[in-house]
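# A closer look at the structure
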Amino acid sequence: MRCHTVIPLLAVFSIPVTAVAAEPAQSSSHGAHVHGQAQLSFATDAQQVELLLESPVVNLVGFEHAPGSAAEKAAWQQSQTLLQSGQWLQLPAAANCQLQQQQLNEPWSKSADPHHHADVELSLTYQCSTPAALTEVRLDLFRHAADLHQVDVQWVSGQQQGAATLTPKQREFRLAPAN
């Protein structure tokens, strides 16, 4: 099941990004269900930041089926709280960004096959009073999601766009090419 939030800024990700991963044969396509991998689309426009995180739920909670036990329900609740808080994403303090909206899908529908591939889709919208300070983004999600090994990022900011592959050892990406 997909979130039906319209994210106009993220529509640009249907356009190929010119900066691609060095090993495209090993990277997954945007939106593919690959355990251990997630996709992050990140866009800025004036003072607004919008992002969309897509991941197999197993990366975040260690299981893919609907939670049944008390421990699984607690793990899912903790993951929901973390994702919706945006605390797994570190924007520069100087940008003074405030979380405005969040929407998280329910990966398990009542009528779905219990063995289907469950995916999380999260959209977050921030308002930043100093958008020029948005030069770097850090992802702390790896500390909370033991089964997550790679996040493929596509970003658009102003007149620039790019891509990055984040790992537990490389958790930051720059929104402008290094000089």
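Computed from a predicted model, the values in this text were never measured in an experiment.

What counts, and where the lines are drawn
Numbers given for residues are sequential positions, taken from 1 along each chain in its written order. Only residues with pLDDT of 70 or above have their local features reported here, since the model is predicted, and side-chain atom pairs are shown and tallied only from 80 upward, although totals for entire chains, interfaces and linings are computed over all residues. To obtain the side-chain values, all non-hydrogen atoms of the structure were used and water was disregarded. Numbering of helices and strands starts at the N terminus; helices are DSSP runs of H or I of at least 4 residues and strands are runs of E of at least 2. Multiply 1.5 Å by the residue count of a helix minus one, and that product is the helix's expected span. Residue contacts are counted whenever heavy atoms from the two residues lie within 4.5 Å of one another. Whenever Lys or Arg places a side-chain nitrogen within 4 Å of a carboxyl oxygen from Asp or Glu, that contact is recorded as a salt bridge. Only protein chains enter the accessibility calculation, which uses a 1.4 Å probe. A residue is then buried if its area is under 20% of the maximum for its type, exposed if over 50%, and partly exposed in between. When DSSP finds two or more bridges between a pair of strands, those strands are recorded as paired. For helices, the fitted axis covers only the stretch in contact; all axes are lines through C-alpha atoms, and the angles between them, taken along N-to-C directions, range from 0 to 180 degrees. Identification of polar contacts relies on pairs of N or O atoms within 3.5 Å, with a donor-acceptor requirement for protein atoms, meaning one able to donate a hydrogen and the other able to accept it, and with residues adjacent in sequence counted only if both atoms are side-chain atoms. Confidence scores per residue from the predictor, reported as pLDDT, run from 0 to 100.

The end-to-end C-alpha separation of helix H2 (residues 70-85) is 22 Å, in line with the 22 Å expected for 16 residues at 1.5 Å each. In this structure, the buried residues of H2 make contact with strand E2 (48-56), helix H1 (58-61), strand E4 (97-104) and strand E5 (119-128).

A complete count under the given rule lists four salt bridges for this structure. Here Arg-138 ties to Glu-172 by a salt bridge, and the two come within 2.9 Å at their closest N and O atoms. Taken together, the residues span a long stretch of sequence, with Arg-138 in strand E6 (residues 136-139) and Glu-172 in strand E9 (residues 172-174) at a distance of 34 residues. Using a relative accessible area of 26% as the deciding quantity, one classes Arg-138 as partly exposed. Taking the relative accessible area as the measure of exposure, Glu-172 reaches 29% and is therefore partly exposed.

Turning our eyes to something else, we now look at the sheet that holds strand E8 (residues 160-166). With respect to topology, six strands assemble into an open sheet ordered E4-E5-E2-E1-E7-E8, the strand pairing being mixed. Only two strands of the sheet have a single neighbouring strand rather than two, namely E4 and E8. Averaged over all pairs of adjacent strands, the angle between strand axes in this sheet comes to 15°, irrespective of strand direction. Judged from the seven bridges that link them, strand E7 (residues 150-157) and E8 form a sheet pairing that is antiparallel. Counterpart to Val-156 in the pairing with E8 is Gln-161.

This part is about the sheet that holds E6. What the three strands build is an open sheet, ordered E3-E6-E9; its pairing is antiparallel. Two strands close off the open sheet at either side, each with one partner strand: strand E3 (89-90) and E9. Pairing between E6 and E9: three bridges, direction antiparallel. By the bridge assignment for E9, Glu-136 is matched with Arg-174.

A separate point is the environment of Trp-108. Secondary-structure assignment places Trp-108 in the loop between E4 and E5. On a C-alpha basis, the gap between Trp-108 and Val-57 in space is 9.8 Å, while along the polypeptide they are 51 residues apart. At 2.7 Å, the side chain of Trp-108 and the backbone oxygen of Glu-64 are in polar contact. At 3.3 Å, the side chain of Trp-108 forms a polar contact with the backbone oxygen of His-65.

What follows is about the confidence of the model for the protein chain. On average, residues of the protein chain score 81 in pLDDT, and 75% of them are at 70 or above. Averaged pLDDT values over the elements of the protein chain bottom out at 92 in H1 and peak at 97 in E4. Counting contacts from residues 1-30, a segment whose pLDDT is below 50, to residues more than four positions away or on other chains yields 51 contacts.

What follows concerns unusual backbone geometry. The phi angle at Ala-46 is positive, at roughly 55°, despite the residue not being glycine. If you trace the backbone, Ala-46 turns up in the loop between strand E1 (37-45) and E2. A residue is classified by how much of its surface remains accessible, and Ala-46, at 63% relative accessible area, is exposed. Phi is positive for Asn-96, which is not a glycine, with a value near 50°. Counting through the fold element by element, Asn-96 comes out in the loop between E3 and E4. Its relative accessible area of 40% is what places Asn-96 among the partly exposed residues.

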